[in-house]
Structures are given as structure tokens and as C-alpha cells.
Amino acid sequence: MDFNLTEEHLMIRDAARDFAQNELLPGVIERDDKQEFPDELVRKMGELGFMGVMVDPKYGGSGMDTISYVLIMEELSKIDASASVMVSVNNSLVCYGLEAYGTEEQKQKYLTKLATGESIGAFCLSEPEAGSDATSQATTAEDKGDHYLLNGTKNWITNGGRSDVYLVIAQTDREKGHRGINAFIVEKGMEGFHIGPKEDKLGIRGSDTHTLQFNDVKVPKENRIGEDGFGFKFAMKTLSGGRIGIAAQALGIASGAYELALKYSKERKAFGTEICNHQAIAFKLADMYTDITAARHLVMQAACDKDAGNNYDRSGAMAKLYASKVAMEHTVEAVQIHGGNGFVKEYHVERLMRDAKITQIYEGTSEIQKIVISRSLIKE
């Protein structure tokens, strides 16, 4: 096994790190307070190729591999997880889904703009009564011949307010169960499509999260993705890749908290010496670094599986399960190392702690990851 990054990977990582430090860090506390993320920063991420990392250049993408993607996600997440989740959804769930399963016409119409950041995408699966149980879709799409009539509600949609393109999962034939589910491309501005108020969240507050309402929205037949009944499989396939992105986000949050804690421990003095020299703090740092390194190996393994064309359902689930656990545990420890200052916004670690929690919830809760992992083991 070779754990060394290539020269190209190092350049990509450094470019993402420079952007995070120079563009994302200034104003990150204010963006969190105001629950906003400027369009200008989204445009810059598009210009750097972050919004279509793995998309083929013929569709406007960067044509990079999954390892490059997780390196970018980690560096962005060290500073601003609200920025990285926009990148993750646009790449893993929207661009990937369209490139892998869309028609050539759909790719030319939508993917080319999404990959450059000219358009932003959202993935619409969750509902008020269908979070972890994705088979219980209440949103319906009635076949009307040349179009579908879409009705229902979607909850907790990342990029919900700022997106131009929405991939919506809906039930077409309830008698067929999950085999009667389809995926549709819906455009902002379609008649009957309404965007609800922004959610007031614990973390990733710069990212806009909304409830969406569909009231007799006419979706052209050519906007269905894949064959009739492919929607549930489409959702599961895209979420498997999405978990790698969120695992990398969790890794970045944990890594960012560790770097801040290490720096602070070398500056803060107590009992006549820097606190890093006290065993209680030194051992926390040792645990943090060890767990983060282990999480990084799991994330890289999942990325390598995807790049090699191997099944990455289990490795992606393992990476997300463990990296999100590490992020939650060690952002708490980072706050503890900072003491009273850790409770103050200007030291950043309290925000990372708040941001960490969502990585255990979205794109499949930790409990769902354990189901994915255990089922794959039992099938062997």
C-alpha cells in the first residue's frame, strides 16, 4: 500500500487549503451568525473547479479522481463546513447522478452548468415522514402521458433556496413499492414549485436548508432519470458516493479542530508551562491525532475503491460512520482544551463542534451506516 500523495494531489490539496485560508476564513464567524454564504464565494469555488471535481471535462468538469475530491473536501471543511457541504451535494449527489445515469440531452442541458458552478444543484429525497426510511415516499409523480404531475413535500434540502436544478425522488406507482419510485429533474421557477423559509440550524448555518413544496408541478417526461422505476436505485447509488464526501467533511472538521487545539496548547500557559506539556492535554492530542489518522485512512480507502471501480458501499459507510464519530468526539475535546475560550466564537472550535453533529445525521445516519455495513458482512 502506498500512502503517499502524488504531486498532482499535493497541488490540488494546497490549492484548496489556500482558498480556505485566504477566502473562507475571513468572515466565517459572521457568515455563521447571519446564516449566509455569498454567491461570490460560490462563484470562486466554481472557477477553481470545486463544483464539478470528478465530472468529465467535456461537460465542463475538472476530470479529477475521488482522492482529489476528498482532499478538497477536507481542506474546505477545516475552515467552513457550510462551504464544503455545498460542494459535496453538487458533486456527489447532483453531478454524479446526472453524469452516471442521465441522458446525453440531460447532461448537455444541466450538467455542463452544474459542473462549472454556473448552476447549483440540490438532491431531494427526505420528507417529513421519510428520513432514514427512504422507501416511504409520500411525494407522488402521476404519469400524464407527456409529463408527470408532481405533488408533495421535501424536507431538510441542502442548497434548497439557492439551487437552479433539483433532483426529486417521488413515488409513481405505490403498488410496486420501491420499484415504483422515480427520479426527476425539476427547475427552479416551475409553476407550483414553492421554496419554504430557511431552517434555523445548530450547525452549518451558512448553508441554506429549506422545505420544498410541489403542487401540481408539470415535469416533462424527458426530465425523468433512467428507466421507469429506477428512482430508488438511483438514490441509493448516489448516496453511496455522497457518504464519501460527508466522511471527508467530517474528517476535515476533526482535523481543523485538532490543528486549532494543538496551536492553542503551545501558546496557553498554566502552572508555569505551556499546557501541551501537561499529560492531561498531551494525551488528548495523542488520541485526536491517532483517531484522525485512522479516519483519513478509511476515507482514502473508500475513495480508492470508487476510483478503482470496486464496490464502495461498505467502505464508504465505514468511512462516514467512523469519521463522523471522530469529528463529534474530538471537536468536543478541542473545546475542552481551549477551556473557557473554547466557548467563545472567536476561537472557532465551538462552531466546528456544532458543525460536526450533522455529519452523523445527513446522507444516512450513523445507525443506517451500521445497517449497510452489517448487511454487507452477512451477505459474504
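Predicted model only: the values in this text are computed from it and were never measured.

Rules and cut-offs
- Residues numbered from 1 in each chain as written.
- Predicted model: local features only at pLDDT ≥ 70, side-chain atom pairs only at ≥ 80, totals over all residues.
- Heavy atoms only, no water.
- Pairing = 2+ DSSP bridges.
- Helix = DSSP H or I, 4+ residues; strand = E, 2+ residues; numbered from the N terminus.
- Axes fitted to C-alpha atoms, helices over the stretch in contact; angles between N-to-C directions.
- Contact = heavy atoms within 4.5 Å.
- Nonpolar A, V, L, I, M, F, W, Y, C, P; charged D, E, K, R; others polar.
- Core = buried A, V, L, I, M, F, W, Y, C linked by side-chain atoms within 4.5 Å.
- Buried < 20%, exposed > 50% of the residue type's maximum accessible area, 1.4 Å probe, protein only.
- UniProt positions renumbered as here; feature names shortened; annotations may be inferred.

A. Representation of the pairing of strand β7 (residues 209-220) in the model. Note that strand β3 (residues 147-158) and β7 share nine bridges and pair antiparallel. Counted as the bridge partner of leucine 149 is lysine 218 from β7. Across four bridges, the pairing between strand β6 (residues 193-198) and β7 is antiparallel. The residue of β7 that forms the bridge with isoleucine 195 is leucine 212.

B. Examining the packing of helix α4 (residues 66-79) against helix α8 (residues 279-308) more closely. Across the interface, α4 lies against α8 with an axial gap of 8 Å and an inter-helix angle of 145°. Residues Thr66, Ile67, Val70, Leu71 and Glu74 of α4 form the contact with α8, whose participating residues are Arg296, Val299, Met300, Ala303, Cys304, Lys306 and Asp307. Residues belonging to the contact of α4 with α8 are distributed by class as follows: seven nonpolar, one polar and four charged.

C. Just the nonpolar core, in detail. In this structure, Leu24, Met45, Leu76, Leu98 and Leu167 are the most contacted members of the largest nonpolar core, which totals 89 residues. With residues up to four places along the chain from it excluded, the contact list for leucine 76 reads Ala16, Phe19, Ala20, Leu24, Met45, Phe50, Ala81, Ser84 and Val87. Counting 17 residues, the second largest nonpolar core, distinct from the first, contains Tyr148, Ile157, Phe193 and Val217.

D. Representation of the UniProt feature "domain: Acyl-CoA dehydrogenase/oxidase C-terminal" (unreviewed entry) in the chain within the structure. UniProt's entry tags residues 231-377 with the feature "domain: Acyl-CoA dehydrogenase/oxidase C-terminal" (unreviewed entry), counted in the numbering of this structure. In residues 231-377, the share of helix is 78% and the share of strand is 3%. The end C-alpha atoms are 26 Å apart.

E. Region of the structure containing the environment of glutamate 227. By secondary structure assignment, the location of glutamate 227 is in the loop between β8 (224-225) and α7 (231-267). Remark: the alpha-carbon pair of glutamate 227 and asparagine 182, spanning 45 residues in sequence, is separated by 8.3 Å.

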